[in-house]
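Architecture and fold: a report
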Amino acid sequence: MKEDFLHYVWKFQKFPYKDLTTSQGDALQVIHIGFHNQHHGPDFKEAQLIVGDLKWIGSVEIHLKSSDWYRHNHQQDENYDTVILHVVWEDDIEVCREDGSVLPTLVLKNLVAKDLLLYYKETFLKSPSFIPCESQLTHFPQPLLQLWKERLFVARLEEKSKRIQALLKAYKNDWEAVLFCLLARNFGLNVNGASFFVLAKSIPFKVIRKLQQDEKALEALLLGQAGLLSAEMSSAYGVSLWKEFQYLQHKFSLSSPAISMQFMRLRPHNFPTIRLAQLASLYATSQQIFAKIFEGKTLNTQWMTSVGVSSYWRTHYTFGKSSQKRDKKITSSFVDLLKVNTLIPLAFCYQKAKGNDPTSIIFELIQDIKPEKNAIVAGFQALGIEANNALDTQSLLQLKKAYCQLKKCLLCSVGVYLLNHPNSSYDKEF
């Protein structure tokens, strides 16, 4: 049993609401259940009840046991002074207000239909192989699923926009500097993304601006700050980069961050040496990259696929070990990855900063991108859920992360629908 289930029972009044009484024996009539509160404080606010002969307007707090009131220290939190009803599964202790009066309590244990409780346990509480409702997921109507996907995608964008806003504040609304940090993180991918991000923040963007159009200097700066250069380099090119980095580090008073770069379990074209060389080439190729990408309603990214690496890296993946010559240009699939993880969230924030509603533009952009391939998307596909574009895959990632993994089934549109439309006979009018 989880509190979320009791929230659902109260929200949808899944109990015989006629002739209700509190555990103290007073008649109880629910006029309005209140508004579900997802933040700190009581679970439902602005409820309207009649307890005995008195009408009350206030909050409703829900617990598995009434003793949870004291276990959560609600008696010491003034946010809970507005509570007019305590809804519990089991009433194991009397709860009193600060003035000593007993808090009216509604006990649900003997009110909820056994079929509903059984269906909830079988559908959501069994240990799943992938997600709690996997055996029932295809019963969720496709039109509702599409609407839920769109809401999930926007929620994911909002989460990312909070991180972007924090960066904008740190960089005093320098969109170019923020773009550099976010691109760096994406160039590091999942394995080195955090380290690339720390690296980017360790370099004042004014330094990047001064070195633009000097590819070797940018390479030396990025590889040096990444800890991939030293005085014992095994190649002449590596030695020259080390010397260049020492000069730049002294000139701009830079301190190298405490990070490590991972090569294990990466394909050679994703080695940090290659991705940093591509990032250096990207910034040596074009001035004012933010303006170039976001100058219109669509994202101008076609030019990115012409960006490769300097001559040394065309025949190397690491220092000192030569390989077959390849241009190692940024691929269109990698650009799509940049769009999904950096450019579209940044466009979302940028349009909002300009006072525009970005929703239609963003939806059009994301739906033009091919679906991502990963274990989570494959898991949903195995359950019969299609993923036709990046909006679908991003929403499924959000669903898994924000609801399925945390088992917040009864805050999810799928879970609520399945409980309201079960394959059993319990769902009847009381």
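Residues numbered from 1 in each chain as written. Predicted model: local features only at pLDDT ≥ 70, side-chain atom pairs only at ≥ 80, totals over all residues. Heavy atoms only, no water.

As for the nonpolar core
Core analysis: the largest hydrophobic core is formed by 83 residues, its most contacted members being Leu282 and Tyr283. What Leu282 contacts, discounting residues up to four positions off in sequence, is Leu183, Phe187, Ile289, Trp303, Met304, Val307 and Ile330. Phe5, Trp89, Val377 and Phe380 belong to the second-largest nonpolar core, a separate cluster that totals 52 residues. (Core = buried A, V, L, I, M, F, W, Y, C linked by side-chain atoms within 4.5 Å. Buried < 20%, exposed > 50% of the residue type's maximum accessible area, 1.4 Å probe, protein only. Contact = heavy atoms within 4.5 Å.)

Describing a negative patch on the surface
On the surface, a cluster of negative charge is contributed by Glu78, Asp81, Glu98 and Asp99. Relative to the helices and strands, Glu78 resides in the loop between helix 2 (68–71) and strand 6 (83–90). For Glu78, a relative accessible area of 65% corresponds to the exposed category. (Patch = residues over 30% accessible without salt bridge, like charges linked within 9 Å, V, L, I, M, F, W, Y side chains within 5 Å. Areas by Shrake-Rupley, 256 points an atom, 1.4 Å probe, with all protein chains shown as cover. Salt bridge = Lys/Arg side-chain N within 4 Å of Asp/Glu carboxyl O. Lys, Arg positive; Asp, Glu negative; His and termini not counted. Charge placed at Lys NZ, Arg CZ, Asp CG, Glu CD. Helix = DSSP H or I, 4+ residues; strand = E, 2+ residues; numbered from the N terminus.)

Observations concerning the packing of aromatic side chains
For the coordinates displayed, the defined rule picks out 25 aromatic pairs. Plain terms: the ring middles of Phe180 and Tyr283 are 5.3 Å apart, the flat faces sit at 90° to each other, and that makes the pair edge-to-face. Of the two residues, Phe180 is situated in helix 5 (residues 175–187) and Tyr283 in helix 10 (residues 272–285); the sequence distance between them amounts to 103 residues. For the pair shown, Phe180 and Tyr283 are each scored as buried. (Phe/Tyr/Trp six-rings, centres within 6.5 Å; stacked < 30°, edge-to-face > 60°.)

Some remarks on the pattern of salt bridges
Within the structure shown, the criterion is met by 5 salt bridges. The salt bridge partner of Asp68 is Arg71, with a shortest N-O separation of 3.1 Å. Of this pair, Asp68 and Arg71 both sit in helix 2, separated by 3 residues, roughly a single helical turn. Look at Asp68 and you get buried, because its relative accessible area is 6%. Taking the relative accessible area as the measure of exposure, Arg71 reaches 59% and is therefore exposed. Residue Glu159 is joined to Lys401 by a salt bridge in which the shortest nitrogen-to-oxygen separation is 3.1 Å. In this pair, Glu159 is assigned in helix 4 (residues 142–170) and Lys401 in helix 16 (residues 390–404), connecting sequence segments 242 residues apart. A residue is classified by how much of its surface remains accessible, and Glu159, at 28% relative accessible area, is partly exposed.

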